[in-house]
Structures are given as structure tokens and as C-alpha cells.
Amino acid sequence: GDSVTQMEGPVTLSEEAFLTINCTYTATGYPSLFWYVQYPGEGLQLLLKATKADDKGSNKGFEATYRKETTSFHLEKGSVQVSDSAVYFCALLHAQGAQKLVFGQGTRLTINP
Amino acid sequence: ETGVTQSPTHLIKTRGQQVTLRCSSQSGHNTVSWYQQALGQGPQFIFQYYREEENGRGNFPPRFSGLQFPNYSSELNVNALELDDSALYLCASSPHSGGATGELFFGEGSRLTVL
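Cut-offs applied
- Residues numbered from 1 in each chain as written.
- Chains lettered and ligands numbered in written order.
- Predicted model: local features only at pLDDT ≥ 70, side-chain atom pairs only at ≥ 80, totals over all residues.
- Heavy atoms only, no water.
- Pairing = 2+ DSSP bridges.
- Helix = DSSP H or I, 4+ residues; strand = E, 2+ residues; numbered from the N terminus.
- Axes fitted to C-alpha atoms, helices over the stretch in contact; angles between N-to-C directions.
- Contact = heavy atoms within 4.5 Å.
- Buried area = accessible area lost by both parts, 1.4 Å probe.
- Salt bridge = Lys/Arg side-chain N within 4 Å of Asp/Glu carboxyl O.
- Disulfide = S-S within 2.5 Å.
- Buried < 20%, exposed > 50% of the residue type's maximum accessible area, 1.4 Å probe, protein only.
- Polar contact = N/O pair within 3.5 Å; in protein donor to acceptor, adjacent residues only side chain to side chain.

1. Regarding the sheet that holds strand β3 (residues 19-21) of chain A
All names here are of chain A. One open sheet holds the four strands; their spatial order is β3-β9-β8-β7, and the pairing between them is antiparallel. Strands at the two margins of the open sheet, each flanked by one partner only, are β3 and β7 (56-59). Sheet twist, expressed as the average angle between the axes of neighbouring strands with direction ignored, equals 20°. With three bridges joining them, β3 and strand β9 (residues 75-77) adopt antiparallel strand pairing.

2. So, the interface of chain B and chain A
Accessible area lost during the coming together of the parts is what is often quoted as the interface size. If you look at the interface, chain B gives 21 residues, while chain A gives 22 residues. Carbon and sulfur atoms supply 54% of the area buried between chain B and chain A, which totals about 1700 Å² over both sides. Ranking the residues of chain B by area buried against chain A places B:Ala100, B:Gly102 and B:Phe106 at the top, with a combined share of 29%. Joining chain B to chain A, the criterion identifies one salt bridge. In this structure, B:Glu103 engages A:Lys49 in a salt bridge whose closest nitrogen and oxygen atoms are separated by 2.9 Å.

3. Looking at the state of the cysteines
Evaluated as defined, the whole model comprises two disulfides over all chains. Each disulfide pairs two cysteine sulfurs, and for A:Cys23 the partner residue is A:Cys90, the sulfurs being separated by 1.9 Å. Between A:Cys23 and A:Cys90 the disulfide shows an S-S torsion of about -70°. By sign, it is left-handed. In this pair, A:Cys23 sits in strand β4 (residues 23-26) while A:Cys90 sits in strand β10 (residues 86-93), placing the two residues 67 residues apart along the sequence. When its relative accessible area of 1% is taken as the criterion, A:Cys90 is described as buried. Through a disulfide, B:Cys23 is tied to B:Cys91; the S-S separation comes to 1.8 Å.

4. Some details on the side chain of B:Asn30
Residue and element names in this part refer to chain B. Structurally, the position occupied by Asn30 is in the loop between β3 (19-24) and β4 (31-37). At a separation of 3.1 Å, a polar atom in the side chain of Asn30 contacts the side chain of Thr31. Once you skip the residues sitting within four places of it in the chain, Asn30 turns out to touch Tyr49, Tyr50, Arg51, Gln68, Tyr72, Ser94, Pro95 and His96.

5. Focus on unusual backbone geometry
At the junction of A:Gly9 and A:Pro10, the peptide bond is cis and its omega measures out at -10° in the coordinates. Its place among the elements puts A:Pro10 in the loop between β1 (3-6) and β2 (11-14). The peptide bond linking B:Ser7 to B:Pro8 adopts the cis configuration, its omega dihedral lying at -10°. Positive phi, close to 40°, is recorded for A:Thr71, a residue that is not glycine. Here A:Thr71 shows up in the loop between β8 (62-65) and β9.

6. Remarks on the sheet that holds strand β8 (residues 74-78) of chain B
Residues and elements named next belong to chain B. One open sheet accounts for four strands, arranged β1-β3-β8-β7; its pairing is antiparallel. The open sheet has two edge strands, β1 (5-7) and β7 (64-68), and neither has a second partner. Taken over all neighbouring pairs, the strand axes of this sheet differ in orientation by 20° on average, direction set aside. Pairing geometry for β7 and β8, over five bridges, is antiparallel.

Remember that the coordinates give geometry; whether it matters functionally is a separate question.
Laid out in C-alpha cells, this is it:
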């Protein structure tokens, strides 16, 4: 079955550091790929998405590129801020029928000033 | 614009009991999905409702059931609670667009503890 694997957390960085959170997936066909973020005390919210190979999703300075050859969708940001501290989830979806997202286990990110 | 709201936020039940969790979808959204998030894990899809009918289900037993009402709000019912049902239950709404987009709007969840 479909699955998503994220890098183990927690991840702790200093402000303005470069961020990479790794995500790889196993799926039949060509799913859409997502990053969701959960800030403290808030619900999950969509950060960015990519629907086909070589697409780059971007939002709030974060980027991720859909790499079919390596089945990856790594999240990157050039300069993190304290306000980026949150739990990040990688997910995939087959765009048929239900909104059945398959999530990774999440990566907790803490940014220190 | 009112977001997705869930109730109760926290509850404690004992094994064998039944529980009902409630969700109000975001204004204008007619599709509701439910997810279970165990501690330290990512959310897992339970089922989805559209036009008051279940139209997708994950790998959960029949004791997990749901309803959607004409105003698009929804309930999740779990019978014969087991210890492993302890989790954060997330409701997510989305506008129906003729296909799955993955763009969901989540509530903050209901945290269920089964003793």
C-alpha cells in the first residue's frame, strides 16, 4: 500500500539556518504530494503542494520539488525563523474519489533565537 | 469566515463505552473527512462524507461510524471503545470540486483517552 516516510525528528536549528526535512514515498501511479504544518495550539494547515513530477510547490519561503525518479518531496527553506517552529507532515493523495491523504509520521521543528 | 470547529476538545472514557465526536465544517464546504492521529504518528484516514453519504473509508472496523447532516456538520461515533482508540481525532472539511484535491481545512481535534 501507499506510504510516506519522513526524516526522524525532532530537529533543532538556530534562526536563519538552512532547513531540509526529507520525505520519500511509496505509491502506485502518480500521486499528488503535500506538506502540511501544525503550529502549536492550531489545526493542521496546508503549506504547499505539487501535483506532478518536477512541479515545485512554494509558500512562505518554503519549497519542495516532486522528484519521481527518487520518489521524494523534500521540504527546504533558506533561512528559518522562530515562528517556523511547528510539526511538519508530508502526505500523498491519489486524486480519485475520497480526500484520502496518506501522512508521514511528522517532524517536529524547533527554531532557537 | 468560520473555520472547522470540533467538540468536545478533550474527553475520557472507559473501555467498552461509546463516544460521539462532533464537527462543524467551514462555511461553504460540503465534504467532511475524519482522521485518527495516535501520539507521535501522522493522521490516518477514517472516512469521508459527502451529501450525507459515506464515500470513502480507510482501514477501520465497522464500530467506527459517522453521520453528515444537511448543514454539512458531521459526527464520528465509536462503539465498544478499546485502549488503542486513544488518540486525537481530526475533522477536515473541503469544498467538493468533482475530484480529490488534498486541500483540507482541519479543526484542532478532539483528544480521546480510553482507560
